[in-house]
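# Remarks on the overall topology
Here is what each chain is made of, one letter per residue.
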Amino acid sequence: MATARRPAVNRGSRPAPRPPEGTPPPAELARRARAGLTGAVAIAHWAAAEHGAPGALSDEAAARAAAALGLSPREVRSDWDRARLIGLIEHHAGTTRPGWRLQAWDRDDSAVLRGWVALLDAWSLACPAPETAEPTAVAEVVEAVPQLLSLLQLSAGPVPISVLLDMLRQRVAELRTERCEVPQEAAEARESGKAAESPRDVGDDTTLEGLLDWALEALASVGALTVRESPQDGPEGAGSAADDARGDRREAVLTALGNWAVWVKLEQICVAAQSPAGNIEQPAADMLRGCAGLTPGPARAEYRAWLAARPVGSAVTELIEAARGDDALLRGLAFEALRVVGAPAEPAVRAVVGESCLRPYALLWLAEHEGADPDEALDVLTREEATWLWVDTAAAISDHGESPLLVRHLESAVQGTVPALLEEVRAVGHPRTVQVLVALAAAHPDPALAKAVRRAAFQVHTGGV
């Protein structure tokens with residue numbers, strides 16, 4: 001589909017941004033990431049030595065791994081989950097095998113850093129919320145964490161926990177306002193002309209404090225930040241009245257890895273904000289339409305910026321939903337954006353393999369994610385799946401491309417002859433088959449071939465043979 005896209009608009013040159021002063025070089029950042037993930041790497045090597053460990057770690061398998069690695073079963077399960085989130089191990093047909101990232105772990109610093117960022121994005125999965133926590137409140141805190149991380153990065157130093165808690169209250173209040181969830185007390189206050197409740201009164205403070213502690217603990221466990229006691233003297237350690245009232249004199253500060261990762265995401269957002277298209281503010285479908293006229297490189301940059309501005313889970317859900325729509329071009333672009341997401345998108349992509357309209361795209365995505373060359377990934381499709389994909393791509397070209405592109409698209413069919421292609425296209429059951437064949441017949445310069453294609457379109461339309 002890249003050939004169907006128009007040339008990218010020249011956005012002008014922008015010098016490569018420099019990370020904050022004091023940021024270690026990539027090799028040192030990768031060394032620190034490796035040092036914090038030795039347990040996940042060890043369990044991945046154990047799984048590789050097992051020649052097909054069970055996909056879900058059973059109690060018996062966890063006990064064997066614990067004995068082999070000198071760990072407790074609980075530590076094994078934690079490392080196992082992290083290895084999966086990083087992409088060091090992958091599930092296939094009920095068994096686990098080494099991921100491509102494990103092969104590159106010791107020699108490719110960029111693979112290590114991407115794996116660590118995938119873990120940071122999945123921090124709430126790496127360290128699940130307490131079982132007693134209310135799901136809606138957990139979701140609100142997860143959605144608010146990027147703003148807290150941005151505050152920590154922009155502060156370039158430690159931030160008191162009380163400040164983070166105040167920002168969390170404000171962000172939760174904004175989220176509830178966006179959902180039109182106005183507390184009864186606030187509604188009654190507005191009706192009586194009283195002042196609205198402050199963000200401090202939003203939700204249960206005890207709940208938010210507890211969930212903030214959980215979030216900070218989880219982020220610390222993946223190596224993104226540290227929580228420490230504030231110094232007892234000096235202007236920064238003097239604390240606030242709120243701190244003293246709670247007896248909480250702690251502060252949080254990003255690690256070098258956390259500072260670098262948040263800076264990268266903020267830079268991506270800044271780049272997108274300068275984009276004439278303004279795709280960062282758009283829902284997935286509109287963002288993809290805005291990228292349809294770009295060549296692959298600039299389009300990937302737009303995808304990265306759009307992804308950086310929202311939680312990875314909700315972003316993946318939006319892209320999958322856009323792919324389910326009627327526009328075949330958006331379907332292909334959605335999976336291009338999911339390639340930019342990488343490992344965190346794998347569970348969602350695997351979950352849609354059973355959907356006929358998404359199956360070929362999902363199988364190709366998974367094959368490439370597992371290390372297959374894009375030119376060879378088509379081998380994972382059956383003849384019928386490849387034919388369905390051919391029709392879907394032809395529909396995208398018919399809707400958004402030019403007639404010569406549709407004619408050239410014939411060359412990409414797996415069938416050796418046009419009659420064989422028409423026979424299999426008629427049998428595959430794609431909902432756009434008739435429109436595609438009519439468009440192809442109108443575009444093709446060979447009158448005899450065009451007549452055969454029109455006949456096939458008529459037979460599909462009438463249900464004949």
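Data block above holds the structure.
Below is a short write-up of the structure. In this text, all values refer to a predicted model and were calculated from it rather than measured experimentally.

## Concerning the overall build of the protein
- If you tally the helices and strands in the protein, you get 24 helices and six strands.
- A total of 465 residues make up the protein; the buried ones form 44% of that total.
- Contacts in the protein between residues far apart in sequence, at least 24 positions, make up 67% of those at least 6 positions apart.

## So, the packing of helix α14 (residues 284-291) against helix α15 (residues 296-308)
- Running from N to C, α14 and α15 cross one another at 155 degrees; their axes reach a closest spacing of 10 Å. The angle between the axes of α14 and α15 places the two elements in the roughly antiparallel class. Once α14 is placed against α15, the crossing between them reads as right-handed. Each of Ala284, Met287, Leu288 and Cys291 in α14 lies in contact with α15, whose residues at this interface are Ala299, Glu302, Tyr303 and Trp306.
- Residues of the contact of α14 with α15, tallied by class, amount to seven nonpolar, no polar and one charged.

## Some thoughts on the sheet that holds strand β6 (residues 250-254)
- If you trace the three strands from one edge of the open sheet to the other, you get β4-β6-β5, paired in antiparallel fashion. Strands with a single pairing partner mark the edges of an open sheet, and in this sheet they are β4 (159-160) and β5 (225-229).
- Relative to β6, β5 runs antiparallel, the two sharing five bridges. When the bridges of β6 are listed, Glu229 appears paired with Arg250.

## With respect to a negative patch on the surface
- Together, Asp373, Asp375, Glu376 and Asp379 make up a region of like negative charge exposed at the surface.
- Checked against the element boundaries, Glu376 lands in the loop between α19 (359-369) and α20 (383-400).

## Section: the packing of aromatic side chains
- Here the structure, examined in full by the defined rule, presents three aromatic pairs.
- Geometrically, the ring pair formed by Trp46 and Trp80 is edge-to-face, given 6.5 Å between the ring centres and 70 degrees between the ring planes. One end of the pair, Trp46, is in helix α2 (residues 38-49); the other, Trp80, is in helix α4 (residues 73-86), with 34 residues separating them in the sequence. Across this residue pair, the class does not change: Trp46 and Trp80 are buried.

## Some points on the environment of Pro73
- With respect to the element layout, Pro73 can be found in helix α4.
- Overall, Pro73 belongs to the partly exposed group, its relative accessible area being 46%.
- For the pair Pro73 and Ala62, spaced 11 residues apart in sequence, the C-alpha separation works out to 5.6 Å.

## Re unusual backbone geometry
- In this structure, Ala156 is a non-glycine residue whose phi angle is positive, near 55 degrees.
- In this structure, Ala156 sits in the loop between α8 (135-155) and β4.

## Observations concerning the pattern of salt bridges
- Evaluated as defined, the whole model comprises 20 salt bridges.
- A salt bridge links Arg339 to Glu368, with the shortest nitrogen-to-oxygen separation between them at 2.8 Å. Taken together, the residues span a long stretch of sequence, with Arg339 in helix α17 (residues 328-341) and Glu368 in helix α19 at a distance of 29 residues.
- Residue Glu368 is classed as partly exposed on the basis of its relative accessible area of 24%.

## A few points about the packing of α17 against α19
- Taken N-terminus to C-terminus, the directions of α17 and α19 make an angle of 20 degrees; their axes are 11 Å apart at the nearest point. As judged from the angle between their axes, α17 and α19 are roughly parallel. Once α17 is placed against α19, the crossing between them reads as right-handed. When α17 is examined against α19, the residues Ala328, Arg331, Gly332, Phe335, Leu338 and Arg339 are found in contact with a partner set consisting of Tyr361, Ala362, Leu364, Trp365 and Glu368.

What counts and how
- Residues numbered from 1 in each chain as written.
- Predicted model: local features only at pLDDT ≥ 70, side-chain atom pairs only at ≥ 80, totals over all residues.
- Heavy atoms only, no water.
- Helix = DSSP H or I, 4+ residues; strand = E, 2+ residues; numbered from the N terminus.
- Buried < 20%, exposed > 50% of the residue type's maximum accessible area, 1.4 Å probe, protein only.
- Contact = heavy atoms within 4.5 Å.
- Axes fitted to C-alpha atoms, helices over the stretch in contact; angles between N-to-C directions.
- Parallel < 35°, antiparallel > 145°, perpendicular 65-115°, else oblique.
- Left-handed = near helix turned anticlockwise from the far one by under 90°.
- Nonpolar A, V, L, I, M, F, W, Y, C, P; charged D, E, K, R; others polar.
- Pairing = 2+ DSSP bridges.
- Patch = residues over 30% accessible without salt bridge, like charges linked within 9 Å, V, L, I, M, F, W, Y side chains within 5 Å.
- Areas by Shrake-Rupley, 256 points an atom, 1.4 Å probe, with all protein chains shown as cover.
- Salt bridge = Lys/Arg side-chain N within 4 Å of Asp/Glu carboxyl O.
- Lys, Arg positive; Asp, Glu negative; His and termini not counted.
- Charge placed at Lys NZ, Arg CZ, Asp CG, Glu CD.
- Phe/Tyr/Trp six-rings, centres within 6.5 Å; stacked < 30°, edge-to-face > 60°.

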